[in-house]
Amino acid sequence: MIATKTIQDKMFSFFNQIGDISFFAIRFFKEVFTKPFEWKELIRQCYNIGNKSILLVSVTGFILGLVFTLQSRPTLMEFGAESWMPSMVSISIVREIGPVIIALICAGRIGSGIGAELGSMKVTEQIDAMEVSGTNPFKYLVVTRILATTLMLPLLIIIGDAVALLGSAIIEYLKGDVSFLLYFNKVFDALQFSDIIPATVKSFYFGFAIGLVGCYKGYNCAKGTVGVGEASNAAVVYTSMLLFIIDFIAVFITDIFFEV
Amino acid sequence: MSQEKNIKTVLEIKNLNKSFGDNHVLKNFNLKLQEGENLVIMGKSGSGKSVMIKCLVGLMAADSGSIKIHDFEITTLGNKELNVLRTEIGFLFQGSALYDSMTVRENLEFPLRRHNLKTKKDLNADALVAEALKNVGLSQAIDLMPVELSGGMQRRVALARALILKPKIMLYDEPTTGLDPITAKEIIQLMRHIQTQYKTSSIIITHDVDCARVISNRILLLIDGTNYIEGTYSELSNSTNPKVKAFFKN
């Protein structure tokens, strides 16, 4: 009986949160098109989110490319198919692995940061102070951050993908004696628009999800300093789950339109 | 008598109610603030003081009742009108609430930027920031970050920020909480100085009896979300009512 009640409560809380996040998203779309536009803050957020994540994304991408190539090489060699390495690596990274891994990394770096920052602003009444001074804190803090993540994530993913391919090319050069020119020629021969466009489109949604959940958790944090930690943690967990759901939907839709 | 009639009421609360679930925080709360008056509100923690002050500036919506500031009914105002009215109100938060990602200068410029955007008038931000900081004795801290300031300095900067648009009404939420006695005295003196210089009417929420003694024209005791008693400091401190005495004994 108690277990049933607990499950019921958890289900209620889960659907309640989905409803709240949906209203939060609707409010974002309402506010994003109304004046005044917070251009300066948007640019500051783009700089913070983009510039400060480049190193992490590049290192992750580079190691991803290295490891992926090193792990795949023996299997391809077994079938005498090493020459397929650039095509295989580029298609996998550009279509799927790059966007998902980099979005997950960014969910940890950016989503938790937003959750903690807004949560701490909420707890220390900075958001209230903003409202009292005649500023719409939702517009100033939330809209700018969600827009910044939506705009910056595709760029970060493109950079991450490029660095991952560079890492892969280095391994091919060292282990397989394949020149960089030949490697990248093969990469560009293999990649189609149907690989790049859906991946780029879904990366905008990934960015939106990271910003939305991070802001929602931070903005609604209301349990003192413990709540800040919870907001930050929940932002990462919920965003990661949401990223996989978005990815599944994106792959499903891509399959319909591009017949993968 | 005729003098009393000329005193204008700048803020009036009638039958204010606010609940959180089953917890009725404010029950038919009433208040009147006269022009130039310093009204101190005292009460135990959880008696509804902070909730009341947040309802006053529209940070929380009241369940029922009326809040009038300069004859504008807050509870029915739209966001735009409320934001215009908020420029007439300065709010000093309990924990200072300085924006920790901005310097002191940017903290002070923030309300001005919003005000300029809304009124399309360009106020001289540099001069106003310098003046506000000079008034709180912190001109040298203009380019520091809030984290580099002591608790007392943060409170002064927050006060300067609240005053930058020269508000007619000041709301202080426990202005001396968390400060050492000397700094608390300095803040109280500063509040008195501000009242004289800016001719503000103030509502001060505090537990600090010293603060109430020095600054109040009138004290209102809030118990269980309702007006329990009100009077001057000497009236209440000499009261024989045990509930009132409990607040004023050392």
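The structure under discussion appears in the preceding block.
Description of the structure in this document. Predicted model only: the values in this text are computed from it and were never measured.

**A closer look at the overall build of chain A**
Thinking step 1. Along the backbone of chain A there are eight helices and zero strands.
Thinking step 2. Ordered by position in the sequence, the α and β elements of chain A form the string α-α-α-α-α-α-α-α.
Thinking step 3. With the principal axes as the frame, chain A shows a C-alpha extent of 65 × 55 × 35 Å.
Thinking step 4. Out of the 260 residues belonging to chain A, those deemed buried represent 42%.
Thinking step 5. Partitioning the intrachain contacts of chain A with sequence separation of at least 6 by distance along the chain shows that 87% fall at a separation of at least 24.

**Considering the pairing of strand 7 (residues 169–173) of chain B**
Regular strands place side chains that alternate from one sheet face to the opposite one.
All names here are of chain B.
Thinking step 1. Counting buried positions along strand 7 yields five of five residues, so the element is predominantly enclosed.
Thinking step 2. Going residue by residue along strand 7, you find Ile169, Leu171 and Asp173 tucked away on one face and Met170 and Tyr172 tucked away on the opposite face as well.
Thinking step 3. Of the pairings in the sheet, the one linking strand 6 (residues 89–92) to strand 7 comprises four bridges and is parallel in character. In the sheet register, Gly90 faces strand 7, and the bridge partner there is Met170.
Thinking step 4. In this region the chain leaves strand 7, passes through helix 7 (residues 181–198) and returns to the parallel neighbour strand 8 (residues 201–205); the handedness of that crossover is right-handed.

**Concerning the interface of chain A and chain B**
Thinking step 1. If you look at the interface, chain A gives eleven residues, while chain B gives 16 residues.
Thinking step 2. Across the side of chain A that touches chain B, the residue classes break down as three nonpolar, five polar and three charged.

**Focus: the sheet that holds strand 2 (residues 23–34) of chain B**
Residues and elements named next belong to chain B.
Thinking step 1. Read across the open sheet, the four strands follow the order 2-1-4-5; overall the sheet is antiparallel. Because the sheet does not close on itself, it has two edges, and the strands there are strand 2 and strand 5 (72–73).
Thinking step 2. As paired strands, strand 4 (residues 64–69) and strand 5 are joined by two bridges and run antiparallel to one another. Bridged to Ile69 within strand 5 is Phe72.

**As for helix 5 (residues 125–135) of chain B**
Residue and element names in this part refer to chain B.
Thinking step 1. Regarding helix 5, the residues found buried are Val129, Ala132 and Leu133. Taken end-on, helix 5 shows its buried residues confined to a sector of 95°, consistent with a single buried face. In helix 5, the exposed positions that point more than 90 degrees away from the buried face belong to Ala127 and Lys134.

**Thoughts on the packing of helix 3 (residues 85–123) of chain A against helix 5 (residues 137–176) of chain A**
All names here are of chain A.
Thinking step 1. Between helix 3 and helix 5, the shortest axis-to-axis distance is 8 Å and the interhelical angle comes to 145°. Between helix 3 and helix 5 lies a crossing whose hand is right-handed.
Thinking step 2. Within the contact of helix 3 with helix 5, the residues separate by chemical class into 17 nonpolar, five polar and three charged.

**What about the packing of helix 2 (residues 39–78) of chain A against helix 3 of chain A?**
The description of two helices packed together rests on the angle between their axes and the distance between the axes.
Residues and elements named next belong to chain A.
Thinking step 1. Following both chains from N to C, one finds helix 2 and helix 3 inclined at 140°, their axes separated by 9 Å at the closest point. The orientation of helix 2 relative to helix 3 falls into the category oblique. In this structure, helix 2 crosses over helix 3, and the sense of that crossing is right-handed.
Thinking step 2. Its residues assigned to classes, the contact of helix 2 with helix 3 comprises 16 nonpolar, seven polar and two charged.

**Some words on the sheet that holds strand 3 (residues 38–43) of chain B**
All names here are of chain B.
Thinking step 1. With mixed pairing, six strands are arranged side by side in an open sheet as 6-7-8-3-9-10. At either end of the open sheet lies a strand with only one pairing partner, and these are strand 6 and strand 10 (226–231). Across the sheet, the mean angle from the axis of one strand to that of its neighbour is 20°, orientation sign disregarded.
Thinking step 2. In this structure, strand 3 lies alongside strand 8, joined through four bridges in parallel fashion. Across the sheet, the residue bridging to Asn38 is Ser202, located in strand 8.

Conventions and cut-offs
Residues numbered from 1 in each chain as written. Chains lettered and ligands numbered in written order. Predicted model: local features only at pLDDT ≥ 70, side-chain atom pairs only at ≥ 80, totals over all residues. Helix = DSSP H or I, 4+ residues; strand = E, 2+ residues; numbered from the N terminus. Buried ≥ 20, exposed ≤ 12 C-beta atoms within 10 Å, placed from the backbone. Contact = placed C-beta atoms within 7 Å. Pairing = 2+ DSSP bridges. Right-handed = clockwise from strand over helix to strand, strands pointing away. Nonpolar A, V, L, I, M, F, W, Y, C, P; charged D, E, K, R; others polar. Arc of directions from axis to C-beta. Axes fitted to C-alpha atoms, helices over the stretch in contact; angles between N-to-C directions. Left-handed = near helix turned anticlockwise from the far one by under 90°. Parallel < 35°, antiparallel > 145°, perpendicular 65-115°, else oblique.

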